[in-house]
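Observations on chain architecture
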Amino acid sequence: MKFRAKMVDVSCLNHFTCVVNTISKLTKTCMLRLTAGHLYFMLSDKVANGGVGMWCELSQGNFFDEFQLEGVSAEANEIYLELVPENLFRALKTAYNARSLKIKLTKKHCPCITVAVELVK
């Protein structure tokens, strides 16, 4: 599996950060589903007991200038990750008014999202 995306538009970066911030206020963990055309943040926190259910769909073309994704196979060309949106928000917050932002899938001890920021000089 491979995933790499790059954002260079400051307004897109700020909007994406606001979306992740909103999600981080709603839940401690969520599922991130990456497909060739979209990013989905899915929350199903205690739905069986009357809790909150949420689905946030973002078109990758509206945010990213570069977007590469390879799933497990051509038939299953998507990636699912469980993540803590607060951690992603903290990383994105450091990129306020940055020149560019890269998000990629890496494998340290387990699969995780890595955020790389290129700051304005």
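For the structure given in this document, a descriptive report is provided here.

Parameters and conventions
Residues numbered from 1 in each chain as written. Predicted model: local features only at pLDDT ≥ 70, side-chain atom pairs only at ≥ 80, totals over all residues. Heavy atoms only, no water. 1 Å grid on protein atoms, 1.4 Å probe; cavity = no way out; pocket = protein on both sides within 12 Å on 5 of 7 lines; lining within 4 Å. Points joined across faces, edges and corners; volume = space filled by probe spheres on them. Helix = DSSP H or I, 4+ residues; strand = E, 2+ residues; numbered from the N terminus. Nonpolar A, V, L, I, M, F, W, Y, C, P; charged D, E, K, R; others polar. Contact = heavy atoms within 4.5 Å. Phe/Tyr/Trp six-rings, centres within 6.5 Å; stacked < 30°, edge-to-face > 60°. Buried < 20%, exposed > 50% of the residue type's maximum accessible area, 1.4 Å probe, protein only. Core = buried A, V, L, I, M, F, W, Y, C linked by side-chain atoms within 4.5 Å. Expected span 1.5 Å × (residues − 1).

This paragraph deals with empty space enclosed by the protein. In the structure shown here, the tally under the stated rule is one cavity of 30 Å³ or more. Considered as a void within the structure, the largest cavity measures approximately 60 Å³ in volume. Secondary-structure elements contributing two or more residues to the lining of the largest cavity are strand 2 (30-35) and strand 3 (38-45). Residue classes in the lining of the largest cavity are distributed as ten nonpolar, no polar and no charged.

Locating Cys30 in the fold gives a position in strand 2. Separated by 24 residues in sequence, Cys30 and Met54 place their C-alpha atoms 9.5 Å apart. Once you skip the residues sitting within four places of it in the chain, Cys30 turns out to touch Ile23, Phe41, Met42, Leu81, Glu82, Leu83 and Pro85.

Its volume calculated, the largest pocket comes out at about 200 Å³. The wall of the largest pocket is formed by Leu81, Glu82, Leu83, Val84, Asn87, Leu88, Ala91, Pro111, Cys112, Ile113 and Val115. Ranked by residue count, the leading element in the lining of the largest pocket is strand 8 (residues 111-118), at four residues.

Evaluated as defined, the whole model comprises five aromatic pairs. With centroids separated by 5.7 Å and ring planes inclined at 50°, the aromatic side chains of Phe64 and Phe67 adopt a geometry described as tilted. By relative accessible area, Phe67 is classed as buried at 17%. Among the aromatic residues, ring-to-ring pairing joins Phe3, Phe16, Phe63, Phe64 and Phe67 into one connected group.

If you look at the biggest cluster of nonpolar residues, it comprises 33 residues, and the most contacted ones within it are Phe3, Met7, Phe16, Leu39, Phe41, Leu58 and Phe64. A total of six residues in this core trace back to one element, the largest contributor, which is helix 1 (residues 10-26). Dropping the residues within four chain positions of it, Leu58 is found in contact with Phe16, Val19, Gly37, His38, Leu39, Phe41 and Phe63.

Take helix 1 next. Under the 1.5 Å per step criterion, the end-to-end length of helix 1 is 25 Å for 17 residues, consistent within 8% with the ideal 24 Å. Residues of helix 1 that are buried: Cys12, Leu13, Phe16, Thr17, Val19, Val20, Asn21, Ile23 and Ser24.

Right, let's get into the side chain of Thr106. Examined against the element boundaries, Thr106 turns out to sit in strand 7 (residues 100-107). When sequence neighbours within four positions are dropped, the list of residues in contact with Thr106 reads Pro111, Cys112 and Thr114.

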